[in-house]
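Each chain is listed here by its residues.
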Amino acid sequence: MGDHSRLIFRLGGVGFLLKLVDVVEVVTQITDALDPGRSVIGQGIVSALRFRQTWIPAVDPALRLDILSAVELQDKVAVILRGSEGNWALLVDRVEELSSIDKFQPCEIPFLLKVAAMGFYSQIHLLDDEPMIVFEPERYYGSAAVLV
Amino acid sequence: MNRYGLFQLGELKFAISLVQMQKILQDSKGYPLPRLPGAVSAVLVDNGLLIPILDLGQILGAGEPQMLAAQGYQVLVESEYGTVALPADLTGRIVAAGKGVLSETTEKEKYLGIVGKFVYQGDQFNILDIDFLAIEMTQGFWQNQSDTGGARRHQ
């Protein structure tokens, strides 16, 4: 475990990996813990989520990444992350597994796609020859996040 | 001797200078990535490298956008800016330029990356300018042209 472990999740048909040390908890049942009325769409916050007796922002990165997801808000999985401004929830379609970083092979983003990826992701790893995006939480929530 | 690799996608027939063709894959899986340019349908992985798959159906505004199904062939072509993959239904013929007839293309087609026609055994193949297409179809210029048919599907 620790810094060598990665959490694999999916949005639409796209695979992502996330450092496990950033994860507080994975919550699979969020239907009764959502308050979509407390959204700030301009910041990617689609709802508030009750977590451990407090409300935290729930961010859907599919909006910013322009990913079409068939999973409704209440059916999403919340990956609770610790950020510089406290906990926040990353909403994903499903969480797949934990994997050691050793199983991933770094892969360069082709020159022809670098402009398109700029601002959204900067690293891709291969897992069994499938490209997985290295999810960078700071791009999606917090004072450092830059919205497009 | 100049030679062309000939391939077909739906009703469209294409010719590529053989010196630019790297290899032909069969049923290689395409993977979606977020924020791909509108004229890039997916990426494939070859020897640990990501290769953008150009949506050739957008040329001449013909055909549906290419999906991710691992069916058919992918022609890997070296451009000045890196390797790109072109989807194909039929492929494999390599023909010396002298075996066919070269003809001019229209001004409109030049804007679509077609630099000429190669007529071989009664069929007309569009000779592609891969350097032009690679940069135009991946940097967003393609979608900004006013008359690119289906190229505007993401707008």
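Residues numbered from 1 in each chain as written. Chains lettered and ligands numbered in written order. Predicted model: local features only at pLDDT ≥ 70, side-chain atom pairs only at ≥ 80, totals over all residues. Heavy atoms only, no water.

For chain B, the helix and strand inventory stands at 3 helices and 11 strands. For chain B, the succession of helices and strands along the chain, N to C, is β-β-β-β-β-β-β-β-β-α-β-β-α-α. Expressed as a percentage of its 155 residues, the buried residues of chain B come to 54%. Considering only residue pairs separated by 6 or more positions, chain B has 57% of its internal contacts joining residues 24 or more positions apart. Working note: accessible area of chain B is about 7200 Å², and carbon and sulfur atoms make up 49% of it. (Helix = DSSP H or I, 4+ residues; strand = E, 2+ residues; numbered from the N terminus. Buried < 20%, exposed > 50% of the residue type's maximum accessible area, 1.4 Å probe, protein only. Contact = heavy atoms within 4.5 Å. Areas by Shrake-Rupley, 256 points an atom, 1.4 Å probe, with all protein chains shown as cover.)

Residue and element names in this part refer to chain B. Most of strand 4 (residues 40-46) is tucked away, with 7 of its 7 residues classed as buried. Where strand 4 meets strand 5 (residues 49-54), 6 bridges bridge the pair, whose relative direction is antiparallel. When the bridges of strand 5 are listed, Val 45 appears paired with Leu 50. What sits between the antiparallel neighbours strand 4 and strand 5 is a turn of 2 residues, in which Asn 47 has the positive phi angle 50 degrees. (Pairing = 2+ DSSP bridges.)

For the rest of this paragraph, the subject is the sheet that holds strand 12 (residues 130-134) of chain A. All names here are of chain A. If you walk across this open sheet you meet the 6 strands as 9-1-2-12-11-10, and the pairing is mixed. Edge strands, defined here as strands with exactly one partner in the open sheet, are strand 9 (94-100) and strand 10 (105-107). Strand-to-strand, the axes of this sheet are offset by a mean angle of 35 degrees, without reference to chain direction. Here 3 bridges tie strand 2 (residues 14-19) to strand 12, and the two strands are oriented parallel to one another. Note on strand 12: the bridge partner recorded for Phe 16 is Ile 133. (Axes fitted to C-alpha atoms, helices over the stretch in contact; angles between N-to-C directions.)

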